[in-house]
Amino acid sequence: MDWLAWLSLAGVCALGAMSPGPSLLIVVRNASAGFAHGAACAIAHGAGIGGYALLTALGLSLVLTNSPLVFTGLQWGGALFLVYLGWKSIRAPAPKASDAATPETDAPRQSIAAAAAQGFGIALFNPKVALFFAALFSQFVGAEQATATKFTMAGVAAGIDTLWYLLVSAALYFGRRRGIRPGRWSHRLQQLFGILLIALAGRLLWQI
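Residues numbered from 1 in each chain as written. Predicted model: local features only at pLDDT ≥ 70, side-chain atom pairs only at ≥ 80, totals over all residues. Heavy atoms only, no water.

1. Section: the overall build of the protein chain
Of regular secondary structure, the protein chain possesses nine helices and zero strands. In the protein chain, which comprises 208 residues, the proportion classed as buried is 43%. The contacts of the protein chain with a sequence gap of at least 6 include a subset with a gap of at least 24, amounting to 89%. Only carbon and sulfur atoms are counted for the fraction: they give 68% of the accessible area of the protein chain, which is about 10,700 Å². (Helix = DSSP H or I, 4+ residues; strand = E, 2+ residues; numbered from the N terminus. Buried < 20%, exposed > 50% of the residue type's maximum accessible area, 1.4 Å probe, protein only. Contact = heavy atoms within 4.5 Å. Areas by Shrake-Rupley, 256 points an atom, 1.4 Å probe, with all protein chains shown as cover.)

What follows is the structure, given as structure tokens:
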């Protein structure tokens, strides 16, 4: 993989992590109890994402080796799925003013271990995560690709996800009294995520 491919992979992983969804809600809920809770949730979520990413990368390599035709079909299906995700992000309705003003739920009364379990669980049991990485990694995995490269791809996904949710936890916990509210910028971020996903899918379809 050249530097442009790595940059594209990292960019989509970052935008995927930033896209509002159930993972963000879980991290926000735990961060409202304290930074340690939010950080534990973020790190565990990143571990779950990394595991999904690694299994996806290794599995796609096996498919490519045994059946190039099936892999080409996966590439087309993956690129079209990225277009679908992008279109849904662009068409997502803007949050109501009341929603933006109250993004946090009551602080959870639970241990840090429970916060970590929630973070790992929301990544592990979200089928969209598996679909996302199957669609994304099908565009980057190659037949002669080294195993170390696949581990690095998974590490990039896990590291970016963990870092983003650590930043979210810190911002919410230390800055909430200053009016930091995810609802104010999450809609525009989601639309940007959609546009870039469609652009990436178009580029990949052209290469196929």
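2. As for the side chain of Ser138
Here Ser138 shows up in the loop between helix H7 (127–137) and helix H8 (147–175). Since its relative accessible area comes to 0%, Ser138 is described here as buried.

3. Brief notes about helix H1 (residues 3–18)
The first and last C-alpha atoms of H1 sit 22 Å apart over 16 residues, in line with the 22 Å expected at 1.5 Å per residue. When H1 is considered as a whole, its buried residues turn out to be Ala5, Ser8, Leu9, Val12, Cys13, Ala14, Leu15 and Ala17. (Expected span 1.5 Å × (residues − 1).)

4. A look at the packing of helix H2 (residues 22–31) against helix H6 (residues 112–124)
Packed helix pairs are specified by the crossing angle of their axes together with the interaxial distance, meaning the distance between the axes. Where H2 contacts H6, the axes come no closer than 10 Å and their chain directions differ by 175°. Classed by the angle they form, the pair H2 and H6 counts as roughly antiparallel. Facing Pro22, Ser23, Ile26, Arg29 and Asn30 of H2, the residues of H6 in contact are Ala115, Gln118, Gly119 and Ile122. Per-class residue counts for the contact of H2 with H6 are four nonpolar, four polar and one charged. (Axes fitted to C-alpha atoms, helices over the stretch in contact; angles between N-to-C directions. Parallel < 35°, antiparallel > 145°, perpendicular 65-115°, else oblique. Nonpolar A, V, L, I, M, F, W, Y, C, P; charged D, E, K, R; others polar.)

5. Points about the nonpolar core
Ranked by size, the top nonpolar core spans 23 residues in total, and within it Leu9, Phe133, Leu136 and Phe137 carry the most contacts. Among the secondary structure elements, those contributing two or more residues to this core are H1, helix H3 (35–66), H7, H8 and helix H9 (186–207). For this core, the element with the most residues is H7, which contributes six residues. What Leu136 contacts, discounting residues up to four positions off in sequence, is Leu9, Val12, Cys13 and Leu200. By size, the runner-up hydrophobic cluster in this structure holds eleven residues, among which are Ala17, Leu24, Val27 and Ala42. (Core = buried A, V, L, I, M, F, W, Y, C linked by side-chain atoms within 4.5 Å.)

6. Overview of a nonpolar patch on the surface
A contiguous nonpolar patch, built from Trp3, Leu4 and Leu7 and spanning about 360 Å² of accessible area, is present on the exposed surface. By relative accessible area, Trp3 is classed as exposed at 66%. (Patch = residues over 30% accessible without salt bridge, like charges linked within 9 Å, V, L, I, M, F, W, Y side chains within 5 Å. Salt bridge = Lys/Arg side-chain N within 4 Å of Asp/Glu carboxyl O.)

7. Side note on H2
Spacing of three or four residues puts side chains on the same side of an α-helix, whose turn is 3.6 residues. Taken residue by residue, H2 has Ser23, Leu24, Val27, Val28, Asn30 and Ala31 as its buried positions. The buried residues of H2 occupy an angular sector of 165° when the element is viewed end-on, so they sit on one face. (Arc of directions from axis to C-beta.)

8. Some thoughts on the packing of aromatic side chains
For the coordinates displayed, the defined rule picks out two aromatic pairs. Centre to centre, the rings of Phe132 and Phe133 are 5.5 Å apart; their planes meet at 75°, and the pair counts as edge-to-face. Across the pair, exposure class does not vary: Phe132 and Phe133 are buried alike. Counting every residue linked through ring pairs, the aromatic cluster contains Phe132, Phe133 and Phe137. (Phe/Tyr/Trp six-rings, centres within 6.5 Å; stacked < 30°, edge-to-face > 60°.)

9. Description of the confidence of the model for the protein chain
Confidence along the protein chain averages 77 in pLDDT terms, with 76% of residues attaining 70 or more. For the protein chain, the element scoring lowest by mean pLDDT is helix H5 (residues 97–101), at 48; H8 scores highest, at 90. Counting interchain partners and residues more than four positions distant, the pLDDT-below-50 stretch residues 99–108 has 23 contacts. (pLDDT = per-residue confidence, 0-100.)

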